[in-house]
Structures are given as structure tokens and as C-alpha cells.
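Reading the structure
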2 protein chains.
Amino acid sequence: MTAKQTRKRLDPEVRSEIILSAALRLFAERHFATVAMRDIAEACQINVALIYYYYESKDELLRRALGHAIAELQAGYDVVAHADPVEGLAAYFRMHVPIAPMLVRMVKIMADYAASNIRDAPTDRLIREFYAAEQKFLEDSLRRGVDRGVFLPVDVPQTARAFSLQLDGIFYASQARGDERIAQDIENLCSRLASPALLVKP
Amino acid sequence: MTAKQTRKRLDPEVRSEIILSAALRLFAERHFATVAMRDIAEACQINVALIYYYYESKDELLRRALGHAIAELQAGYDVVAHADPVEGLAAYFRMHVPIAPMLVRMVKIMADYAASNIRDAPTDRLIREFYAAEQKFLEDSLRRGVDRGVFLPVDVPQTARAFSLQLDGIFYASQARGDERIAQDIENLCSRLASPALLVKP
């Protein structure tokens, strides 16, 4: 069987995932504005026409690549939304570790997009809604903890914001500093859930 | 007096600062690899040869632009190094606010540089030394606070790392989320110095 035959057999869903993943990698390595559909096709070893079969434009591919990473995180909200607040927040933080390489790319692409002069309303909405959903998840978990007497009556929006910024900082720094400390930094963040600033002593 | 005459009168130090500042802005807006010396010359309304009079290459300009931003922060270490640890740390955090636009650019350029395949040993060293110096300043301040009985005996390297990542997160997020909350986020960070996780109650 030749490589070509193998590729032809790919399920459309698998194929579109491979394209998304190549796009995410290329967009993150270079600036997305400098990546052509042809570059993504080459990285997937397919004809550029096949990419257009799945994605109508590079803008759509950018949104779908970001959306894919965001969806992985948001799946976590549902899983842990009704858990014990301490466990739920720790589980959400730790969920970032196995998908860290994808999140590092997402963080990079969002920075490039924001710094560029390119504005695409659906992409703007996607990013805004992602951060709003994260803030809401963190606030809900903290508020539930305060209501149950697990957490001290902290400033909930401010604490949620600090957690969210810490996550951004961890993924930004992992690339900018190149020190590969994500797992350790996430555990450091988890330990704040048990800090005397937040947790009611038993 | 024409504009040209005005430009001719510029002091070399002022001129080199203008070039650095334009380079920092252009490198941050686009990827530095896509910015030509000619683009920077145009932004400064000068001849490209004049840039080469001050900076021998784009690599040097990148290093000097980053170094300029880093120097502003490091000047702060000396100012606050011997102050009361709580006041010193708060002063260091607040020092970021007036120079925020420059720091947002620095954070963006460091991300682009790290994500690229371009490696320049002096730039690597500059970035590594910046974060090492920040970590050391934060650790020294925290340790002095612990020794004086102002701070609880926290894990000093871990707490310093968390502060440093929060700063990265604040500047990353300011651009990626476009929500212009730097001053508020810095005050939020300052408030952690008085948190029961850190400060010994009087």
C-alpha cells in the first residue's frame, strides 16, 4: 500500500482534524498573516484544493483552530462544574497540563491576532466569549465555595481574574522563557486554593 | 524652519531613542522577522543609512529595543531594593503601570522571538537574564520580609515565580483580551502582599 492510498482512506473528520492541527502549529510558529493555505496543505501533504473543501478561507481556519483549543477547555467546565469547589477548580487547572502544547499555540495566536490590524468579528467574539466563559466558571466555583463555607468571603471577581491571568502567564511564559515548567506552575496555582487567603481552616 | 531642519537638529541620543521606540512598535505590531530596516527608517522619516549609523543590524536593534524596556524595569530594582519589603514590592509592581505600553510590546516581541526558529545568543541571554534578575529581586524582597517577620515563612521561590507569572499574564492579557485593565490588575496583585497567605497579622 502506498502512502497516497493510506491518505485517501482518511476519514473526513480525521482529515479535518489533521488540517486544523497543522494550521494551529504553523500559525503559532509564524504570524498567521504570513501563513498561506498552500503552506498548510504542504504540511499535511495534501493538495491545497482539499483544504478548501473543508475550510472556505484562512479566516475560517484560524477561527476553527482557536475554537478547537477553546472547546477542549470548555468541555472541562461541564465536567467539573458541580464538583466540590476546591476539587473542581484544581481539576480545571490540571486539565491544562496534558493539552499544554496546544494551549501554548493558542496563546501565541491570540497575541498575534490582537497585535495585528486585522479585525474579524467572529474571531473577536470567539476570544471574548472564551475569556468571559472562563471568568464565569471561576467565579461560579469560587462563589459556590464561599456559599458553602469552604472559601473565605473573598472578592470573587478579583480572585477569578487573578487565576485567569495566572493561567495566561503560565502559558505565555512557557514559550517566552522556554523553561518548560507548566506542570509545576499549575501545581503552584492549585496550592493557592488551599492558601489561608482563600480556604477556611477546618 | 522646515521639518527637515528640525530633524537635522536632533541630538544623537534623542535620535537613537526615536529609532528604538519606532522599532519596538513595529516589531510588536508585526513579527520582527517581517520588519525591514527600511520600514523602521520610514516610520522615523529618516534615511535607512542613518539607522545603520546607530545600529549595525536588525538583530542589534531587536536586542537594544528589548534591552531598553528591560533597563527601565531594572532601574526599579535599585530604587526599591532596600525599602520596606511590602512597600518595595508594591512599588516594583506599580512601576509597571506608567510604562505599560512599552511592556506590552516587549512581551509580544519576546513571544514572537521564542516562537520563531531564529536563535541569537545575545538575545537569548538578555531574556534569560531579565527573568533571572526579576526572580532574584522578588525572592530577595520576600526573604527579607520573612526574615523581618513581616511575611509568613512562605515558599519564597514559588511565591516569587507566581508574582512574576502574574506580571507576564497581566501584560499578555492586556493585548490578547484588549480589555485595558493593567492598572487595576496591578493593584489586584499589590493586594496579595497584604493577604493572610503572606502578611503576618499585626
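Everything below is about the structure printed above this text.
Below: a short report on this structure. In this text the structure is predicted, and so the values were computed from the model without any measurement.

**A closer look at the relation of the copies chain B and chain A**
With an RMSD of 0.0 Å, the fit of chain B onto chain A corresponds to turning through 180° and sliding 0.0 Å along the axis. Here the copies are linked by what is in effect a two-fold axis. Among all C-alpha atoms of chain B, that of Gly169(B) lies closest to the rotation axis, at 1.8 Å. Interface overlap between copies is the fraction of interface residues in one copy that are interface residues in the other; for chain B against chain A it reaches 100%, indicating a shared surface.

**Digging into the interface of chain B and chain A**
Counting residues at the interface gives 38 residues for chain B, matched by 38 residues for chain A. For the chain B and chain A pair, buried surface summed over both sides reaches about 3,300 Å², with 53% attributable to carbon and sulfur atoms. Summed over the three residues of chain B that lose the most area to chain A, namely Arg161(B), Tyr172(B) and Arg177(B), the buried surface amounts to 24% of that side. Here chain B and chain A share eight salt bridges between them. Linking chain B to chain A there are 18 residue pairs in polar contact (both at pLDDT 80 or more).

**Quick notes on the side chain of Glu60(A)**
Residue and element names in this part refer to chain A. With respect to the secondary-structure elements, Glu60 resides in helix H5 (residues 58-80). Taking relative accessible area as the criterion, Glu60 reaches 14% and is therefore assigned buried. Beyond its immediate chain neighbours, meaning those up to four positions away, Glu60 contacts Tyr54 and Tyr55.

**Some remarks on helix H7 (residues 100-115) of chain A**
Look at H7(A): 23 Å from first C-alpha to last across 16 residues, which is about the 22 Å you get at 1.5 Å a residue. Taken across its 16 residues, H7(A) has 13 buried, putting it largely inside the fold.

**Here we look at the packing of aromatic side chains**
All names here are of chain A. Under the counting rule described, the total for this entry stands at 21 aromatic pairs over all chains. Both rings, one in Tyr77 and one in Phe137, keep their centres 4.9 Å apart while their planes meet at 20°; by these two values the pair is stacked. In this pair, Tyr77 is assigned in helix H5 and Phe137 in helix H8 (residues 121-147), connecting sequence segments 60 residues apart. The burial state of Tyr77 is the same as that of Phe137; both residues are buried.

**Observations concerning the pattern of salt bridges**
Residues and elements named next belong to chain B. Under the counting rule described, the total for this entry stands at 28 salt bridges over all chains. With a closest N to O distance of 3.4 Å, Glu139 and Arg143 form a salt bridge. Linking Glu139 with Arg143, this pair stays in helix H8 (residues 121-147), spanning four residues, or about one helical turn. The residue Asp185 makes a salt bridge to Arg181 at a minimum N-O spacing of 3.8 Å.

**A closer look at a negative patch on the surface**
All names here are of chain A. There is a patch of like negative charges on the surface, built from Asp11, Glu13, Glu17 and Glu72. Its place among the elements puts Glu17 in helix H2 (residues 12-29). Given the relative accessible area of 40%, Glu17 is considered partly exposed.

**Looking at the environment of Ala65(B)**
Residue and element names in this part refer to chain B. Among the structural elements, Ala65 can be located in helix H5 (residues 58-80). Look at Ala65 and you get buried, because its relative accessible area is 2%. Sequence separation between Ala65 and Ile109 is 44 residues; the distance between their C-alpha atoms is 9.6 Å. Apart from residues no more than four positions distant in its own chain, Ala65 is found in contact with Leu20 and Leu24.

Reading the values: rules and limits
- Residues numbered from 1 in each chain as written.
- Chains lettered and ligands numbered in written order.
- Predicted model: local features only at pLDDT ≥ 70, side-chain atom pairs only at ≥ 80, totals over all residues.
- Heavy atoms only, no water.
- Least-squares fit on C-alpha atoms with pLDDT ≥ 70 in both.
- Contact = heavy atoms within 4.5 Å.
- Buried area = accessible area lost by both parts, 1.4 Å probe.
- Salt bridge = Lys/Arg side-chain N within 4 Å of Asp/Glu carboxyl O.
- Polar contact = N/O pair within 3.5 Å; in protein donor to acceptor, adjacent residues only side chain to side chain.
- Helix = DSSP H or I, 4+ residues; strand = E, 2+ residues; numbered from the N terminus.
- Buried < 20%, exposed > 50% of the residue type's maximum accessible area, 1.4 Å probe, protein only.
- Expected span 1.5 Å × (residues − 1).
- Phe/Tyr/Trp six-rings, centres within 6.5 Å; stacked < 30°, edge-to-face > 60°.
- Patch = residues over 30% accessible without salt bridge, like charges linked within 9 Å, V, L, I, M, F, W, Y side chains within 5 Å.
- Areas by Shrake-Rupley, 256 points an atom, 1.4 Å probe, with all protein chains shown as cover.
- Lys, Arg positive; Asp, Glu negative; His and termini not counted.
- Charge placed at Lys NZ, Arg CZ, Asp CG, Glu CD.

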